[in-house]
Amino acid sequence: MEDHTQMSWKEDTIIGQLHNSVDNAAMAVGQALTNPSEQFIHQAHEMIERADRAVENALKNQGQTDPVSLLQDQLSAQKEKLNRLH
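**Observations regarding the overall build of the protein chain**
Line of reasoning, step 1. Counting its regular elements, the protein chain contains three helices and zero strands.
Line of reasoning, step 2. Put simply, the protein chain runs from its N terminus to its C terminus through helices and strands in the order α-α-α.
Line of reasoning, step 3. Dimensions along the principal axes, computed over C-alpha positions, put the protein chain at roughly 50 × 20 × 15 Å.
Line of reasoning, step 4. Out of the 86 residues in the protein chain, the part that is buried amounts to 29%.
Line of reasoning, step 5. Taking all contacts inside the protein chain whose residues are at least 6 apart in sequence as the whole, residues at least 24 apart take part in 70%.

This is how it looks when you write it as C-alpha cells:
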C-alpha cells in the first residue's frame, strides 16, 4: 500500500509541476503578445522550454496519460501563439 501512495503522490507532484510550468508559459506568452518586446519574447521562450522539460519528465515517469496529453496540447497552443510574433 505504501508504494501505491508514494507513486500516487509522485504522480500528483509531477502533474502539479507540469501544470504550473504550462500556466507560467501561458502567462509569459500573454505578456509577450501584449507587449512584444525582446525581453518578454525571450522570457516566454524560456518558460516554454521549461514547460517542455516538464512534459518530457511527465511522459518519462507516467507515459501518455490524459492529464499529460491535455497539458501538452495547451503548451502546443502557446507555442503557436508565440511563433506568430516572429
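**With respect to helix H2 (residues 38-62)**
Spacing of three or four residues puts side chains on the same side of an α-helix, whose turn is 3.6 residues.
Line of reasoning, step 1. Compared with the 36 Å implied by 1.5 Å per residue over 25 residues, the 36 Å span of H2 between its first and last C-alpha is a close match.
Line of reasoning, step 2. For H2, the complete set of buried residues consists of Phe 40, Ile 41, Ala 44, Met 47, Ile 48, Ala 51, Ala 54, Val 55, Ala 58 and Gln 62.
Line of reasoning, step 3. Among the residues trailing H2, Gly 63 stands out with phi positive, at a value near 80°.

**Some thoughts on the packing of H2 against helix H3 (residues 66-83)**
Line of reasoning, step 1. In the contact formed by H2 and H3, the axes pass within 10 Å of each other and the chain directions differ by 160°. Regarding the angle of H2 to H3, the classification is roughly antiparallel. Where H2 crosses over H3, the two elements pack in a sense that is left-handed. The residues of H3 that touch H2, namely those facing Ile 41, Ala 44, His 45, Ile 48, Ala 51, Asp 52, Val 55, Ala 58 and Leu 59, are Val 68, Gln 72, Leu 75, Gln 78, Lys 79 and Leu 82.

**Comments concerning the nonpolar core**
Line of reasoning, step 1. Core analysis: the largest hydrophobic core is formed by 21 residues, its most contacted members being Leu 18, Leu 75 and Leu 82.
Line of reasoning, step 2. Broken down by element, the residue count for this core peaks at nine residues, all from H2.
Line of reasoning, step 3. Residues within four places of Leu 82 in sequence aside, it is in contact with Val 29, Ala 32, Ile 41, Ala 44, His 45 and Ile 48.

**Some points on the pattern of salt bridges**
Line of reasoning, step 1. The tally for this structure, following the rule as stated, stands at one salt bridge.
Line of reasoning, step 2. In this structure, Lys 79 and Asp 52 form a salt bridge, with 2.9 Å as the shortest nitrogen-oxygen distance. Taken together, the residues Lys 79 in helix H3 and Asp 52 in helix H2 connect sequence positions 27 residues apart.
Line of reasoning, step 3. Look at Asp 52 and you get partly exposed, because its relative accessible area is 24%.

Reading guide: rules and limits
- Residues numbered from 1 in each chain as written.
- Predicted model: local features only at pLDDT ≥ 70, side-chain atom pairs only at ≥ 80, totals over all residues.
- Heavy atoms only, no water.
- Helix = DSSP H or I, 4+ residues; strand = E, 2+ residues; numbered from the N terminus.
- Buried < 20%, exposed > 50% of the residue type's maximum accessible area, 1.4 Å probe, protein only.
- Contact = heavy atoms within 4.5 Å.
- Expected span 1.5 Å × (residues − 1).
- Axes fitted to C-alpha atoms, helices over the stretch in contact; angles between N-to-C directions.
- Parallel < 35°, antiparallel > 145°, perpendicular 65-115°, else oblique.
- Left-handed = near helix turned anticlockwise from the far one by under 90°.
- Core = buried A, V, L, I, M, F, W, Y, C linked by side-chain atoms within 4.5 Å.
- Salt bridge = Lys/Arg side-chain N within 4 Å of Asp/Glu carboxyl O.

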